Amino acid sequence: MKDLLNKYLHEREIYLLLVEYCFALDSMDLDAIAKLFSEDCIVDFGTDKQLNSIGSKELAKSLERMWRWKRTSHHLSNVKINLIGDNKAFSKSYVYAWHERFDNTTATIYGQYHDELIRKYDSWLITKRTMYMNGSDSNFKVKIFPLERKKPPLNWEPPKIDEN
């Protein structure tokens, strides 16, 4: 029972850390974001070097690019956490991120965060974050890694349900 309770406590701490990232990003509290990541973290969002960083200080500096938006709203869901002992974990979570430009146009992305975490000094930290894009509206132009899906079976034919 103690092990199960400990597992739930760790999972809750990780969940709150992941959610805090969204709150800090939407308020542009870059110092708070840096504290959620290890000093040697790796953040990899795409092939454009401007999207990636090594280290929590470089991450905060890199996220200054988010000042180009007037407002953002990041929503986290479908959080799946896999604990490896008491000090290491992996997580996957979905993110729905709405962005508003200063000209009032908007851009939305549907994606996933794939994270590696460690527990250090009684706190969980993200050591590696990779973002994948499930999709976006036509106004989102940033080249995030696409999430790859399994291919259909060789002889599969789609049902005719999308036709008028």
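Structure's up top.
Just so you know, these numbers come straight off a predicted model, no measurement behind them.

Reading the values: rules and limits
- Residues numbered from 1 in each chain as written.
- Predicted model: local features only at pLDDT ≥ 70, side-chain atom pairs only at ≥ 80, totals over all residues.
- Heavy atoms only, no water.
- Helix = DSSP H or I, 4+ residues; strand = E, 2+ residues; numbered from the N terminus.
- Buried < 20%, exposed > 50% of the residue type's maximum accessible area, 1.4 Å probe, protein only.
- Contact = heavy atoms within 4.5 Å.
- Areas by Shrake-Rupley, 256 points an atom, 1.4 Å probe, with all protein chains shown as cover.
- Phe/Tyr/Trp six-rings, centres within 6.5 Å; stacked < 30°, edge-to-face > 60°.
- Expected span 1.5 Å × (residues − 1).
- Salt bridge = Lys/Arg side-chain N within 4 Å of Asp/Glu carboxyl O.

Caption draft 1: Inspection of the overall build of the protein at higher detail. Each helix and strand in the protein was counted, giving three helices and seven strands. Reading the secondary structure of the protein in the N-to-C direction produces α-α-β-β-α-β-β-β-β-β. For the protein, the spread of C-alpha atoms along the principal axes amounts to about 60 × 45 × 25 Å. Taking all 164 residues of the protein together, 40% fall into the buried category. Of all intrachain contacts in the protein linking residues separated by at least 6 positions in sequence, the fraction that spans at least 24 positions is 51%. Total accessible area on the protein is roughly 11,000 Å²; 53% of this is exposed by carbon and sulfur atoms.

Caption draft 2: Structural context of the packing of aromatic side chains. Summed over all chains, the structure comprises five aromatic pairs. For the pair Tyr21 and Tyr113, a centre-to-centre distance of 5.8 Å together with 85° between the ring planes defines the contact as edge-to-face. Highlighted residues: Tyr21 in helix H1 (residues 2-26) and Tyr113 in strand S5 (residues 106-120), separated in sequence by 92 residues. Relative accessible area serves as the criterion here: at 2%, Tyr113 is assigned to the buried category. Between Tyr96 and Tyr110 the ring centres are 5.4 Å apart and the planes differ by 45°, which places this aromatic pair in the tilted class. With a gap of 14 residues between them, Tyr96 in strand S4 (residues 88-100) and Tyr110 in strand S5 connect regions that are remote in the sequence.

Caption draft 3: Fine view of H1. In a regular helix each residue adds 1.5 Å, so 25 residues correspond to 36 Å; H1 covers 36 Å between its end C-alpha atoms and thus fits that length. Taken residue by residue, H1 has His10, Glu11, Ile14, Leu17, Leu18, Val19, Tyr21, Cys22, Ala24 and Leu25 as its buried positions. For H1, the secondary structure elements touched by its buried residues are helix H2 (30-34), strand S1 (37-44), strand S3 (71-84), S4, S5 and strand S6 (123-136). Once H1 ends, the next one or two residues include Met28, with phi positive near 55°.

Caption draft 4: View of the pattern of salt bridges. In this structure the tally under the stated criterion is six salt bridges. Residue Glu100 pairs with Lys70 through a salt bridge whose shortest N-O separation is 3.9 Å. Remark: Lys70 occurs in the loop between helix H3 (56-62) and S3 and Glu100 occurs in strand S4; sequence separation between them is 30 residues. Look at Lys70 and you get partly exposed, because its relative accessible area is 38%. The closest approach of N and O atoms between Arg71 and Glu100, which form a salt bridge, is 2.6 Å. Here Glu100 lies in strand S4 and Arg71 lies in strand S3, a separation of 29 residues in the sequence. The class of Arg71 is partly exposed, set by a relative accessible area of 47%. Taking relative accessible area as the criterion, Glu100 reaches 7% and is therefore assigned buried. Each member of the salt-bridge network shares a partner with another, and the members are Lys70, Arg71 and Glu100.

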